[in-house]
Structures are given as C-alpha cells and as structure tokens.
Amino acid sequence: LPSRFQLLQCWKKRVGQITRISKYDPVKMLSKKGSSVREAFLNALEEPQNNVQLFLDGKLVFSEAFCSNAETGKAGGASPSKSWEDNLRDLGLSGREGLADLISDI
C-alpha cells in the first residue's frame, strides 16, 4: 500500500501544488534499514519539496530553493561560488552519494 505521503503527492500534483511527484518515502527514511534509508535520502535530494535542508558550518548549502536556482542558472544556497556537492567533497565525502552512505550507516 502507498504511504500517506505518497497519496498526498498524487493529490498535490492533481490540484497543481507540485509539478512532479517525489519518489521520497518517509517510511523508508525511518526504516532503520541502511539501503532503504539511502534510497529515501537520495530520492529526497532529487525532488526535495521542502523535505531536505543541509547546513554546513551553520550555513544553508542545500534546499528546494537551491534546486530551483540551479534550474534558472542563479547561484543558490549560502555558498554561491561552490555547489553544495563541492562543499561535501571538501569534507571528504564523494558528493551526494557519499553523504547518502554516511546517513544510511547511522
């Protein structure tokens, strides 16, 4: 059965509140199963819809607004000279995949 979140995604698309249905599933994020948490996190990054915000040293480096700005070519987040994935690489993580690995291992 689909989760409540997934049902709301269908409704929001139908009434025009969103343009794409997110593959994110909060049930998987909270499952404590590493592979499911990783999948849910990567899906949330793909279509954040205000479900994910990442901070680095107290500065916002990723949010839904950051994705919207990337589509228009404008700088977004707190570090316009670097992408949020570059900031993650500076920390020794291999971008979004490395962050997903880290989160799924917690």
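Here we summarise the structure given alongside this text. (Residues numbered from 1 in each chain as written. Predicted model: local features only at pLDDT ≥ 70, side-chain atom pairs only at ≥ 80, totals over all residues. Heavy atoms only, no water.)

### A few points about the pattern of salt bridges
Right, so step 1: Evaluated as defined, the whole model comprises six salt bridges.
Right, so step 2: Ionic pairing is found between Lys28 and Glu39, a salt bridge with its closest N-O pair at 3.1 Å. With Lys28 in helix H2 (residues 26-29) and Glu39 in helix H3 (residues 34-46), this pair connects stretches of sequence that are 11 residues apart.
Right, so step 3: A residue is classified by how much of its surface remains accessible, and Lys28, at 30% relative accessible area, is partly exposed.
Right, so step 4: What makes Glu39 partly exposed here is its relative accessible area of 38%.
Right, so step 5: Here Asp86 and Arg89 are joined by a salt bridge, their closest N and O atoms 3.2 Å apart. Here Arg89 and Asp86 lie together in helix H5 (residues 84-90), a separation of three residues that amounts to about one turn.
Right, so step 6: Owing to a relative accessible area of 32%, Asp86 belongs among the partly exposed residues under this scheme.
Right, so step 7: Connected via shared salt-bridge partners are Arg20, Glu46 and Glu47. (Salt bridge = Lys/Arg side-chain N within 4 Å of Asp/Glu carboxyl O. Helix = DSSP H or I, 4+ residues; strand = E, 2+ residues; numbered from the N terminus. Buried < 20%, exposed > 50% of the residue type's maximum accessible area, 1.4 Å probe, protein only.)

So, to be careful, I would describe these as geometric facts and stop short of saying anything about function.
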